[in-house]
Amino acid sequence: MKHQDLWQEILSDVRSILTDLAKSNAKTVSLSPETVALLSHTTDPTVNALKELEQVVSGCTKCPLYATRTQTVFGTGNPHARLMFVGEAPGADEDRQGEPFVGAAGQLLTQIIQKGMKLKRSDVYICNVLKCRPPNNRDPRTDEIEQCRDYLFQQIEWIRPEVICALGAHAARTLLRVQDSTSRLRGKWHFYGTIPVRVTYHPSYLLRCKDDKVKEREEKRKVWEDIQAIMRFLNGEEIPSRDPINDGTYLWQ
Ligand code: SF4
């Protein structure tokens, strides 16, 4: 039986189960393990591959961060997103909820996506380099990034975004294999393989600038410049080109 026909058959079965349930007073329904397995699989290979990878990550003990996490934080959003945001690591809120960028920095990123880019959070894909929270929100260590980065690279491999926005130095350095600061890397295009990458400040950095209004306004302006470049690219108004001097330096693959 073709995937499409199988899926139609499952949907039709579920519809009739729900119709029967609506007619009765039953509050629960029993499904066989086979049906549950079928229902939890789509015919979309990207979705299935990401689900399988998420399962692997959820049991990962490759670095010491597994011992202090509440849960892993894999990633969220559209598995076929044109734009992927990559941050640094989960914080306390993310560790509790299992979703990236849900704390104060996440709310700021959501505003950038919704109010600035006029997109929905569910239009883009959001994840971090590290999938487990470093204790007390300390910076990720090099050995932790080395253990974890293949998961990120596999996510990119499956999602194949048209453009990546690296939020902060740890994401930029992991993707571009450089050691420069965010301020040196932002404002121009880089490449992860053939995928254009724009580097900008992490939203948590913007939050830390709040006490200095002049600095806050200036750094927000720079982030907005970077976001606008991504929007121009997505609208077909800007073609990222490699810096002829550094061409190849930033290639990971
Ligand atoms: S941070 Fe990454 S490598 Fe370390 S335990 Fe978590 S998933 Fe595994």
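Quick note: structure is the one above.
Conventions adopted
- Residues numbered from 1 in each chain as written.
- Predicted model: local features only at pLDDT ≥ 70, side-chain atom pairs only at ≥ 80, totals over all residues.
- Heavy atoms only, no water.
- Helix = DSSP H or I, 4+ residues; strand = E, 2+ residues; numbered from the N terminus.
- Buried < 20%, exposed > 50% of the residue type's maximum accessible area, 1.4 Å probe, protein only.
- Lys, Arg positive; Asp, Glu negative; His and termini not counted.
- Salt bridge = Lys/Arg side-chain N within 4 Å of Asp/Glu carboxyl O.
- Contact = heavy atoms within 4.5 Å.
- Core = buried A, V, L, I, M, F, W, Y, C linked by side-chain atoms within 4.5 Å.
- Phe/Tyr/Trp six-rings, centres within 6.5 Å; stacked < 30°, edge-to-face > 60°.
- Lys NZ or Arg CZ within 6 Å of the ring centre and 35° of its normal.
- Pairing = 2+ DSSP bridges.

A look at the side chain of Glu88
Argument step 1. Here Glu88 is to be found in the loop between β2 (83–87) and α4 (92–97).
Argument step 2. Summary of buried charges: Glu88 has no salt-bridge partner, and the nearest side chain of opposite charge, Arg208, is 7.0 Å away.
Argument step 3. Contacts of Glu88, omitting those with residues within four sequence positions, involve Asn128, Val129, Leu130, Asp139, Pro140, His170 and His202.

Points about the nonpolar core
Argument step 1. Residues Met84, Val86, Leu152, Ile156, Ile164, Leu175 and Tyr192 are the most contacted members of the largest nonpolar core, which totals 35 residues.
Argument step 2. Sort the elements by how many residues they give to this core and helix α6 (residues 142–159) lands first, with seven residues.
Argument step 3. Grouped together as the second largest cluster of nonpolar side chains are 24 residues, Leu108, Leu109, Val223 and Ile227 included.

What to know about the packing of aromatic side chains
Argument step 1. As enumerated under the stated definition, the model contains three aromatic pairs in all.
Argument step 2. In this arrangement the basic side chain of Lys62 is found over the ring face of Tyr151, its NZ or CZ atom lying 4.6 Å from the centre.
Argument step 3. Cation over ring: Arg198 sits above Trp189, and NZ or CZ is 4.7 Å from the ring centre.

Here's the deal with the pattern of salt bridges
Argument step 1. Summed over all chains, the structure comprises 17 salt bridges.
Argument step 2. The partner of Arg198 in a salt bridge is Asp226, with the nearest N and O atoms 4.0 Å apart. One end of the pair, Arg198, is in strand β6 (residues 195–200); the other, Asp226, is in helix α10 (residues 213–234), and 28 residues separate them in sequence. No difference in accessibility class separates Arg198 from Asp226, as the two residues are buried.
Argument step 3. Close ionic contact of Arg221 with Glu218 constitutes a salt bridge, the shortest N to O distance being 2.6 Å. Within this pair, Arg221 and its partner Glu218 are both found in helix α10, separated by three residues, close to a single helical turn.
Argument step 4. Salt bridges here are not isolated pairs; linked through shared partners, they connect Arg186, Arg198, Glu218, Arg221, Glu225 and Asp226.

Considering the pairing of strand β3 (residues 125–128)
Argument step 1. Side-chain alternation along β3 places Tyr125 and Cys127 on one buried face and Ile126 and Asn128 on a second face that is also buried.
Argument step 2. Where strand β1 (residues 76–77) lies against β3, two bridges are found, and the strand directions are antiparallel. For Thr76, the partnering residue across the bridge sits in β3 and is Ile126.
Argument step 3. Across four bridges, β2 lies against β3 in parallel orientation. In the strand pairing of β3, Phe85 is matched with Ile126.

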